[in-house]
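# Reading the structure
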Amino acid sequence: MRLLLSSPLLTESLISNPVLHPRNAHRQGYDFERLSAALPALSDYIRTNPAGQPTVDFSDPDALRLLNEALLRAHYGLQQWYLPQGYLCPPVPGRADYLHHIADLLAECNGGDIPKGPKLRLLDLGTGANKCGH
């Protein structure tokens, strides 16, 4: 069963949103059952919104960190991920979208085929976690 997220800030960008890349695994929202199975600690942060749909409090940094960790585990097979307290946590769906668009740009220079393989290298400037300023 697919359960959709509901947040005034993120609903527009993640639920069946044609703005997200068609290959983005998060285009249809979050499957909280799958995410909770991948990272049981996320279950403590799942709430039901007024429409009766599961969601998390997107203003809670711990909920966001756990949601992103669960997405990395469930969708990308990453089992170990650490983000220090006080660092920004870029949302996985947005980063995935970014990578899909980069793949499309590379395909334009490769006869329409997305280049793949261990020899493929990209330099992505300005990425990584950074300390939140207070």
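Scroll up a little and you will see the structure.
Residues numbered from 1 in each chain as written. Predicted model: local features only at pLDDT ≥ 70, side-chain atom pairs only at ≥ 80, totals over all residues. Heavy atoms only, no water.

### A short note on the overall build of the protein chain
Across its full length, the protein chain holds four helices and two strands. Counting all 134 residues of the protein chain, 30% fall into the buried class. For the protein chain, the accessible area works out to roughly 8700 Å², and carbon and sulfur atoms hold 57% of it. (Helix = DSSP H or I, 4+ residues; strand = E, 2+ residues; numbered from the N terminus. Buried < 20%, exposed > 50% of the residue type's maximum accessible area, 1.4 Å probe, protein only. Areas by Shrake-Rupley, 256 points an atom, 1.4 Å probe, with all protein chains shown as cover.)

### Considering the nonpolar core
In this structure, Y30, F32, L35, L42, V56, L67 and L71 are the most contacted members of the largest nonpolar core, which totals 15 residues. Secondary structure elements with two or more residues in this core: α2 (32–38) and α3 (61–76). It is α3 that provides the largest number of residues to this core, a total of seven residues. (Core = buried A, V, L, I, M, F, W, Y, C linked by side-chain atoms within 4.5 Å.)

### Here's the deal with the packing of aromatic side chains
Taken as a whole and judged by the stated rule, the model has one aromatic pair. On the basis of an interplanar angle of 80 degrees and a centroid distance of 5.9 Å, the ring pair of Y30 and F32 is categorised as edge-to-face. Across this residue pair, the class does not change: Y30 and F32 are buried. (Phe/Tyr/Trp six-rings, centres within 6.5 Å; stacked < 30°, edge-to-face > 60°.)

### As for the environment of R27
Residue position: R27 is located in the loop between α1 (11–14) and α2. Spatially, the C-alpha atom of R27 lies 9.2 Å from that of D97, the residues being 70 residues apart in sequence.

### Concerning the side chain of H21
With respect to the helices and strands, H21 occurs in the loop between α1 and α2. By relative accessible area, which is 5% here, H21 ends up buried. At a separation of 3.0 Å, a polar atom in the side chain of H21 contacts the main-chain amide nitrogen of R23. The residues touching H21, leaving out its near neighbours within four places in the chain, are R27, D97, H100, H101 and D104. (Polar contact = N/O pair within 3.5 Å; in protein donor to acceptor, adjacent residues only side chain to side chain. Contact = heavy atoms within 4.5 Å.)

### Some words on the environment of E69
As for its position among the elements, E69 is in helix α3. A sequence separation of 10 residues divides E69 from Q79, and the C-alpha atoms of the two residues are 8.5 Å apart. Those residues within four positions of E69 in sequence are excluded, and the remaining contacts are L39 and W81.

### Remarks on the environment of T55
Looking at the element boundaries, T55 is found in strand β2 (residues 54–56). With 25 residues separating them along the chain, T55 and Y30 place their C-alpha atoms 8.6 Å apart.

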